[in-house]
Number of protein chains: 4
Amino acid sequence: MGFTWRVTARFYEIDRAGIVFFARFYEYAHAAYEELMAEMFGSAEAMFSTFLFAMPLVHTEADYRRPVFMGDRLRVDVSLERLGRTSVTFRYRITGDEDGEERCTVRLVHAFVDRERFTPIEVPAVFHEALARVGMEKE
Amino acid sequence: MGFTWRVTARFYEIDRAGIVFFARFYEYAHAAYEELMAEMFGSAEAMFSTFLFAMPLVHTEADYRRPVFMGDRLRVDVSLERLGRTSVTFRYRITGDEDGEERCTVRLVHAFVDRERFTPIEVPAVFHEALARVGMEKE
Amino acid sequence: MGFTWRVTARFYEIDRAGIVFFARFYEYAHAAYEELMAEMFGSAEAMFSTFLFAMPLVHTEADYRRPVFMGDRLRVDVSLERLGRTSVTFRYRITGDEDGEERCTVRLVHAFVDRERFTPIEVPAVFHEALARVGMEKE
Amino acid sequence: MGFTWRVTARFYEIDRAGIVFFARFYEYAHAAYEELMAEMFGSAEAMFSTFLFAMPLVHTEADYRRPVFMGDRLRVDVSLERLGRTSVTFRYRITGDEDGEERCTVRLVHAFVDRERFTPIEVPAVFHEALARVGMEKE
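First, a word on what this report is: a plain description of the structure on this page.

Overview of the relation of the copies chain C and chain D
The transformation that overlays chain C on chain D combines an axial shift of 0.0 Å with a rotation of 180°, and the residual RMSD is 0.0 Å. The relationship between the two copies is best expressed as a two-fold rotation axis. Using C-alpha coordinates, one finds that chain C approaches the rotation axis most closely at C:Val7, a distance of 5.3 Å. Mapped onto chain D, 100% of the interface residues of chain C are again interface residues, and the two copies thus contact each other with one and the same surface.

Some thoughts on the packing of helix α1 (residues 24-41) of chain C against helix α3 (residues 125-133) of chain C
Residue and element names in this part refer to chain C. At a minimum axis separation of 9 Å, α1 and α3 run at an interaxial angle of 95°. Taken together, the axis directions place α1 and α3 in an arrangement best described as roughly perpendicular. Where α1 approaches α3, its residues Met37, Met40 and Phe41 are matched on the opposing element by Val126, Phe127, Ala130, Leu131 and Arg133.

Looking at the interface of chain C and chain D
Each side of the interface is counted separately: chain C has 16 residues, and chain D has 16 residues. Taken over both partners, the interface formed by chain C and chain D buries close to 1,500 Å², and the fraction arising from carbon and sulfur atoms is 56%. In this structure, the connection of chain C to chain D is made through six salt bridges. Residues D:Glu34 and C:Arg10 are paired through a salt bridge, measuring 3.7 Å at the closest nitrogen-oxygen approach.

A closer look at the interface of chain A and chain D
On the chain D side, the residues contacting the 20 residues of chain A number 20 residues. Both sides of the chain A and chain D interface together cover about 1,900 Å² of buried area, and 59% of this is carbon and sulfur. Looking at the side of chain A facing chain D, the largest losses of area belong to A:Arg16, A:Phe22 and A:Tyr64, adding up to 27% of the total buried there. Our count for the chain A to chain D interface comes out at four salt bridges. Between chain A and chain D we count 17 residue pairs in polar contact (both at pLDDT 80 or more) in total.

Scoring rules and cut-offs
Residues numbered from 1 in each chain as written. Chains lettered and ligands numbered in written order. Predicted model: local features only at pLDDT ≥ 70, side-chain atom pairs only at ≥ 80, totals over all residues. Heavy atoms only, no water. Least-squares fit on C-alpha atoms with pLDDT ≥ 70 in both. Contact = heavy atoms within 4.5 Å. Axes fitted to C-alpha atoms, helices over the stretch in contact; angles between N-to-C directions. Helix = DSSP H or I, 4+ residues; strand = E, 2+ residues; numbered from the N terminus. Parallel < 35°, antiparallel > 145°, perpendicular 65-115°, else oblique. Buried area = accessible area lost by both parts, 1.4 Å probe. Salt bridge = Lys/Arg side-chain N within 4 Å of Asp/Glu carboxyl O. Polar contact = N/O pair within 3.5 Å; in protein donor to acceptor, adjacent residues only side chain to side chain.

Set out below in structure tokens:
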């Protein structure tokens, strides 16, 4: 099970080579993550004001399969790739919304930390519960 | 009459002051412009490959009324502010999608030029026709 | 008198039309503003943590003269265009660092507000003094 | 041996969490890559207009060690991590310019392709020669 979000490639996301700049896919993935957080916690902002934990990124990576052009309608499928003791990895598979062909797959690895002291903590119970609530369980 | 498009303020569009950076509103406006072009010409890309004219920006401006925060759902209302002999000005009024309060109004002034020679030309007939087709006439 | 800062147009600032996207010039201008603030107050960060005032943008505008291409070396000349009772306008003239030809001129209008209550205040004395210190007086 | 470039974290690169957004480090790395290409080939633009090859990114990744704040002066040290038969990997180690402490390390993996047909090709001789010219050899 997972979470899906859609995005359109913009005029200003194109680079000198005429295709969407590679770092924009990280923005697409993070936007999908924000919508997932909104689904899990009511609003993306809630993540940053309500809870006592933060989820800084410790590793990010992307594999590029096909170029994306201005105006391309894309679909981002988010899945839970790994839920560790103190971290979580989400995978964002980006495909053409019409052809279904993969363009890029992004992985974002978040650590859980105490918001005040920024020290590592175990995945909070509220996060586990919210994942279950949106039906996004580790397969 | 006009054209409406919706956008959500993202985590990475926030600046050091904790609100959406002022230049992001120009991106919101241009994204709405791209969707308007898609409505007028079938696709935003068509503007850049089919026709013999280009529409470079010669002047842009924005007035800021209220700050925008992460996750805010916004509505961009596009209207034709001025259709000159060789230029067009679109106005983008950005409001909260729920409260209807103005956040920012952007104006983008495009000149029409010959795509090859980049010399000024009069507003092409196809542009006039496409404006009429989407019901966006100068009041 | 004024303040000068240099910047190079990047691969990822190019848009679908093959030139630097119009909103990037606002980023160049703001980066020059940050360096000016660093000159005036020791660091750009000081503006946001030390003082009791903030300088939100209330109006921004730009006029575009010539396109900018990837790798172009640019020079941004900052000058004080208007120092009002409760606001300040800086002008950023962006020229080719080699040919000296104008590419774009940006104007950023800041209001002065109380940091806590976000209500308008008169230009603080420390701001006047810092302007004088960097030799940037209203002509 | 390697190549060094410097960059300052900007007001508008900060995210909702108050630190430089994770994808901006990919922009810093690519800007350093552009300066390296300028060193190797006379100008970054030459890469895109003179030669018969292109270097699309096929994989990118980053590890984040410490947060970066507005105004932080950073140093990007570029080194050749792997020179394969048809690809090259550059590593970008980003450290504080004053404290020397690592903030982030980015890896960009480029494939070499024929510019026209976009089919894989071996690393061109001109690329090998240019690497040698800037003293950037595989250790």
